[in-house]
Amino acid sequence: MKKTLSWMNWVAVGVLGTVGTALAYEPSTHTTLTALAFDRSRLSDPSLLTDLGFNPSGTYREITVDGVPVTGGVRLPREVVAYGAAAEDYHTAGLCPSDWTRPFNHFFDPQHGGRALEWGGVLGHPSPDWALEDNGQVTTRYVSCLAAGGRPQNFSYRDAQANLYAALIQPNPTDRDNSMGMVLQTLGHVVHHVQDMAQPAHTRNEAHSPINPPERAWIEAYTEGYARVNIASIVNNNPYPVPSFARARDYWVTSGAGSPMYVGMAEYTSQNFVSQSTGFQSNGSTVLANPEFPLPNGQGKTIETRTVTIRLRDTNTLTGPMQVVTGPIYDGYAFGSQPNRVLATQSLVDRMLQNSGFSMLFGVNSYVYEQQYPVLLPRAVSFSAGLINHFFAGKLSVSRAASGPGWVIRNEAAETMSGQFELYYQTTTGQRFPVSGGTWGGTVAAGQSTPALAEPPNTASKVVAVFVGTIGSESMLRTAGRVTDYSAPPVPCGQALSAGGSSEGFNQLMEMGSEAGPVQIEFEAYQIPDKFEIRAENSAQTLVVTTTNMVSGWRNWTYQFNPASLGTSKFRIRVTGNTDPATLWTASVSCPNKTLTNSDRIQDRISITFGVGATSGAGCNTGYTSITVNGTPAGTLHFSPGVGDTSSPVTVTAGTHQQVVLQTTITTWGTPGFTCSGNGSVFWNDRAGRHYLSGGTSWISIQ
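Model, not experiment: these values are computed from the prediction.

Rules and cut-offs
- Residues numbered from 1 in each chain as written.
- Predicted model: local features only at pLDDT ≥ 70, side-chain atom pairs only at ≥ 80, totals over all residues.
- Heavy atoms only, no water.
- Helix = DSSP H or I, 4+ residues; strand = E, 2+ residues; numbered from the N terminus.
- Buried < 20%, exposed > 50% of the residue type's maximum accessible area, 1.4 Å probe, protein only.
- Contact = heavy atoms within 4.5 Å.
- 1 Å grid on protein atoms, 1.4 Å probe; cavity = no way out; pocket = protein on both sides within 12 Å on 5 of 7 lines; lining within 4 Å.
- Points joined across faces, edges and corners; volume = space filled by probe spheres on them.
- Pairing = 2+ DSSP bridges.
- Salt bridge = Lys/Arg side-chain N within 4 Å of Asp/Glu carboxyl O.
- Disulfide = S-S within 2.5 Å.
- Phe/Tyr/Trp six-rings, centres within 6.5 Å; stacked < 30°, edge-to-face > 60°.
- Axes fitted to C-alpha atoms, helices over the stretch in contact; angles between N-to-C directions.
- Parallel < 35°, antiparallel > 145°, perpendicular 65-115°, else oblique.
- Left-handed = near helix turned anticlockwise from the far one by under 90°.
- Nonpolar A, V, L, I, M, F, W, Y, C, P; charged D, E, K, R; others polar.
- Core = buried A, V, L, I, M, F, W, Y, C linked by side-chain atoms within 4.5 Å.
- Expected span 1.5 Å × (residues − 1).
- Bend = angle between axes of the 7 residues up to and from the residue.
- Polar contact = N/O pair within 3.5 Å; in protein donor to acceptor, adjacent residues only side chain to side chain.

> Explain the overall build of the protein chain to me, and be specific about the residues and the numbers.
Looking only at helices and strands, one finds 14 helices and 32 strands in the protein chain. Burial status across the protein chain gives 52% buried among its 703 residues. Of the contacts made within the protein chain by residues no fewer than 6 positions apart, 69% connect residues no fewer than 24 positions apart.

Structure follows, in C-alpha cells:
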C-alpha cells in the first residue's frame, strides 16, 4: 500500500524550494495592494469625502492596534487606508503577553463550513467574523489572551460604521476628523482580510509554523522581496472589474450557496488553488484532489514536465526539469473558465520518495506563485475596492422641502434605506448639534425622501443629514451622511425684496403656496443695471422669468403658477451681474391670484404728470422736450409762446433714486431783441404738489 506524506512529514523531509508553513502577505505588500484598491474605489473621488464634510486633501491620524497615536502618523486618506491594511498584521504585548494572535483570525475555509484556523484546536475566528463582526462582537481566542479576557476587535467593518456615525455627529471638529481617520484606517484593516483570501493557505486551513512568527512565511517573503515592486504592473496588465454585492460577507463567500460558486474571494481561491500542505496527489498518471479538500479536483488537470526555475529560501535559484500540474481555473463573477495555468509542482525529491512506496505529491513554490499572481492579485485589489464601495453604499442629499417648511433627506443610493434619519446643524465655529425635531424613523426607497424635518436655528452655517440603519438586504447597520450649506427659510409670496450696495449673488427662496394661478412679478433696477431671474426650486430648475441681461428701469411679468406641474411650491430668486456698490433694486412677487398693490412693494408705484408752463412774447421759442425716467420714456411736452403742455399720467416708483433726463429740441427760435415772459420750466406733479426741474439730467425725489 502506498503511503502519503503528512504535512509534518513534508516539513521534516526539508523540501527544496517549497513552503512548510502557512502563508500571508507581508504588511508592505498589503500596503501596495490597498493603495491600488483605494485608486479603484469611490474613495478616489474627492466628492465622497467632501459630501461628508471632510477635506479629501486633508491629513488624518493613524493609531496602533492598542489605540496609541502613531508618531508622525498624520497622512492623506490613501496612506491612512494603506497603513490600516499593514497594521492588521501587527501585534504588541500591550494587552496580552506574547500576543501574536491577530493573524490567527485571518483564515476562512469555505469548503468546511467556513471554519476558522484549526491546529490542535480552534485558534481564531473565521476571517469574515473577525473583519466584519456581522455575527456579533468578538475577541481573540488565543489561550494567553483568554486568561486576560481576550483582546477586543476594534477595527472591524462594524467599528468603521460606528466611527463614521461619530465622524458625522460629534460636536467638535477635531474629534470628527479623528473619527474619520479611524474610518479610513479600519477600512484598511478590513480589506486586508479580502487580500488574505487571495492566499490559498488562508482558505485551506494551513496553519502557521509554531516556531516562526505567524506573519512571516515564504510566499510572503517571496512576494515582498521579488514581486511587490511589480504588483502595480501585474494588476494594471490584468484588469479585473470591481464587483458589487448586496452583503459584505459576499466578498468572502456566496450567500447560501449549495454548490461551488467560485465568486467570493475565499471560495474562488480555495476551490481553484492548492497550498503546500493541501496539494494534489497522483498515482502517476491521474491528478487526484487532496483527501481533505474536494476542490480543486483532478477534472481537466494534466501532468507535464517543464524546465522551471525556482527561488529557494536562501535566495539562490535552482533550474531543472519538474513535473507540474496544469489545469483551468474558473471565475464565477467574471471571465468564466480561464486557460490552463500551472497549479502545482512535484517536489524535487519526490522521485526518491516514490521508490520508498509513497504516492506523488504536488505542492507550491516560487514558480507556482508567479503563475498565481496575475489572477489572484488583480482580483484581490478589485474585491478590496468593491468592499470599500459597499461600505459607502449609502448616499444622501438634503434640501429644503419642495412644499411647506423644513428640510427633507433624500435617498440617493440604489437600494432602500430603512432606519433612523437625523438632521444636525453646524455653526460658523464648526460645532455640530442635533436639530430639535430633526429625527424621523422609517423606510425610504431609492430616489425618495423623508417627510419634512424641523428647521435648524438661524445660527446654522451648514446642515448635516445622517442615516443609520440597513441598506438593501445587508443586515449590518450602515451609516450615510451629507453636509450642505444652510440657506435661510423661504420668505412668503407677496413680500417685497430689496438690496443695495452690490447686488452680486443675491439668492432668496420664496414660498408660493399650494394654490395655482397667475402670479404678478415686478423688478426695478433703477439707474445702475442688474440681472433678475426666477426659477422653480425643482430638479429641472424651471425658468420662470428673466431679464436675460443686465437692465435698468422697471419690468413686470405675469406667470401662470402651478405647483403640481412644477413639483414644487417654491421660487428661487436671484439678482446677479453687478458689483457696483451704488446699485439698488427692488422686486415684488405676488401670491397666486393676487394683484400687487403698494402694500406689497418697497416703494409705492404712483401716477405723476409732467408739464411745462406757458410763456408769452416774441422772444419765446417753440419746440418740445422728451422726458425719460430711469431710462424709460415718460412722454413729450410741446411748448410755444402762449401755450404750455401737460403729459399723460405716468406710473413711476416713489423714492429718491429716480433719474430724469430732459432732451429739448427747438423748432423755432424766438425773435432776437424781444422779450419772453412766464415760467417755461419743466415740472412734475406728485402727491406732494408741483416740483420744477432744471434742464438736462436731474435726480429727483418722488413723493
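Let us keep going from here.
> Can you tell me about the layout of surface pockets, naming the residues and giving the values?
If you add up the space inside the second largest pocket, you get close to 320 Å³. Surrounding the second largest pocket, 16 residues form its lining, Ser399, Arg400, Ala402, Val408 and Glu537 being those nearest its centre. Elements with a contribution of two residues or more to the lining of the second largest pocket: strand E9 (396-400) and strand E10 (407-411). It is E9 that contributes the most residues to the lining of the second largest pocket, four residues altogether.

> An account of the sheet that holds strand E22 (residues 570-576) is requested, with residue identities and associated values reported.
Here we have five strands laid out as an open sheet, ordered E15-E17-E22-E19-E20, and mixed in their pairing. In this open sheet, the two edge strands, each paired with only one partner strand, are strand E15 (491-492) and strand E20 (543-546).

> I'd like a rundown of empty space enclosed by the protein, residues and numbers included.
Tallied over the entire structure, the rule returns two cavities of 30 Å³ or more. What the largest cavity holds in volume is close to 100 Å³. Lining of the largest cavity is provided by 15 residues; of these, Glu522, Thr586, Ser588, Arg601 and Gln603 occupy positions nearest its centre. Counting only elements with at least two residues in the lining of the largest cavity, the list comes to strand E18 (517-524) and strand E23 (584-589).

> So what's going on with the pattern of salt bridges? Residues and values would help.
As enumerated under the stated definition, the model contains 20 salt bridges in all. In this structure, Arg605 and Glu524 form a salt bridge, with 3.9 Å as the shortest nitrogen-oxygen distance. One end of the pair, Arg605, is in strand E24 (residues 605-612); the other, Glu524, is in strand E18, with 81 residues separating them in the sequence. Using a relative accessible area of 13% as the deciding quantity, one classes Arg605 as buried. Here the salt bridges do not stand alone but share partners, grouping Asp109, Arg115 and Glu118 into one network.

> Can you break down unusual backbone geometry residue by residue, with the values?
In this chain, Leu295 is followed by Pro296 through a cis amide linkage whose omega measures -5 degrees. Looking at the secondary structure, you find Pro296 in the loop between strand E4 (287-288) and strand E5 (302-311). Here Asn205, not a glycine, exhibits a phi torsion of approximately 55 degrees, which is positive. On the secondary structure map, Asn205 appears in the loop between helix H8 (173-196) and helix H9 (218-227). The phi dihedral of Asn593 falls on the positive side, at around 65 degrees, and the residue is not glycine. By the secondary structure assignment, Asn593 is in the loop between E23 and E24.

> Quick one: what's the story with the state of the cysteines, residue by residue and with numbers?
The final tally for this structure, using the stated rule, is two disulfides. Here Cys493 pairs with Cys591 through a disulfide, and the sulfurs are 1.9 Å apart. With the S-S bond torsion at 95 degrees, the cross-link from Cys493 to Cys591 turns out right-handed. Linking Cys493 in the loop between E15 and strand E16 (497-500) with Cys591 in the loop between E23 and E24, this pair joins segments that are 98 residues apart in sequence.

> How would you sum up the pairing of strand E14 (residues 478-485)? Please name residues and give values.
Where strand E13 (residues 460-471) and E14 come together, eight bridges link them in antiparallel fashion. Bridge pairing in E14 places Val466 opposite Gly481. The hairpin formed by E13 and E14 contains six residues between the paired strands, and Gly472 there has a positive phi angle of roughly 65 degrees.

> Describe the packing of aromatic side chains, naming the residues involved and giving the relevant values.
Under the counting rule described, the total for this entry stands at 24 aromatic pairs. Ring geometry for Phe683 against Tyr692: centres 5.7 Å apart, planes inclined by 65 degrees, an arrangement best described as edge-to-face. Cluster of aromatic residues (ring-pair linked, three or more members): Tyr240, Phe245, Tyr251, Tyr333, Phe335 and Phe383.

> Before we move on, could you go through the packing of helix H7 (residues 157-169) against helix H13 (residues 366-391) and cite the residues and values that matter?
H13 packs onto H7 with a crossing angle of 45 degrees between their chain directions and a minimal axis gap of 11 Å. In terms of axis orientation, H7 runs oblique to H13. For the pair H7 and H13, the crossing hand works out as right-handed. Contacts between H7 and H13 involve Tyr157, Ala160, Gln161 and Leu164 from the first element and Leu387, His390 and Phe391 from the second. Across the contact of H7 with H13, the residue classes tally to five nonpolar, two polar and no charged.

> Could you give an account of the sheet that holds E13, with specific residues and numbers?
Taken in spatial order, the four strands make up an open sheet running E12-E11-E13-E14, and their pairing is antiparallel. Every other strand in the sheet has two partners, leaving strand E12 (432-444) and E14 as the edge strands with one partner each. Geometrically, the sheet is characterised by an average inter-axis angle of 20 degrees between neighbouring strands, direction not taken into account. Pairing of strand E11 (residues 417-427) with E12 involves nine bridges; the strand directions are antiparallel. Bridge assignment links Phe421 to a residue of E12, and that residue is Trp440.

> I'd love a proper account of the environment of Gly363, names of residues and values included.
Within the secondary structure layout, Gly363 lies in strand E8 (residues 360-363). On the basis of relative accessible area, Gly363 is assigned to the buried category, the value being 3%. In this structure the C-alpha to C-alpha distance between Gly363 and Leu343, which are 20 residues apart in sequence, comes to 8.4 Å. Discounting chain neighbours no more than four positions away, the residues touching Gly363 are Gln276, Ala344, Thr345 and Val368.

> Now, about the side chain of Thr586: what can you tell me, with residues and values included?
Mapped onto the fold, Thr586 is located in strand E23. Discounting residues that sit within four places of it in the chain, Thr586 has contacts with Leu497, Ser498, Glu522, Phe523, Glu524, Tyr526 and Ile602.

> Lay out helix H4 (residues 77-87) in plain terms, naming residues and giving numbers.
Burial of H4 is extensive: nine of the 11 residues sit out of reach of the surface. For H4, the set of buried residues is Pro77, Val80, Val81, Ala82, Tyr83, Gly84, Ala85, Ala86 and Ala87. Here the buried face of H4 lies against helix H2 (27-40), helix H3 (46-51), strand E1 (60-63), strand E2 (69-75) and H8.

> I'd like a rundown of the nonpolar core, residues and numbers included.
Ranked by size, the top nonpolar core spans 82 residues in total, and within it Leu43, Met180, Trp252, Leu387 and Phe392 carry the most contacts. Examining the composition of this core, we find that 14 residues originate from one element, H13, more than from any other. Other than its neighbours up to four places away in sequence, Phe392 contacts Arg42, Leu43, Leu48, Leu52, Leu164, Val183 and Leu187. Counting 25 residues, the second largest nonpolar core, distinct from the first, contains Val491, Ile534, Ala536 and Leu566.

> For H13, give the residues involved together with the corresponding values.
Here H13 contains 26 residues, and its C-alpha end-to-end distance of 35 Å stays within 8% of the 38 Å for a straight helix at 1.5 Å per residue. The sharpest bend along H13 comes to roughly 50 degrees, located at Tyr373, with the proline Pro374 sitting one to four residues further on. Among the 26 residues in H13, 23 count as buried, and that is most of the element. Backbone nitrogen of Tyr367 and a side-chain oxygen of the N-cap are separated by 3.0 Å at the start of H13; the cap is Asn365.

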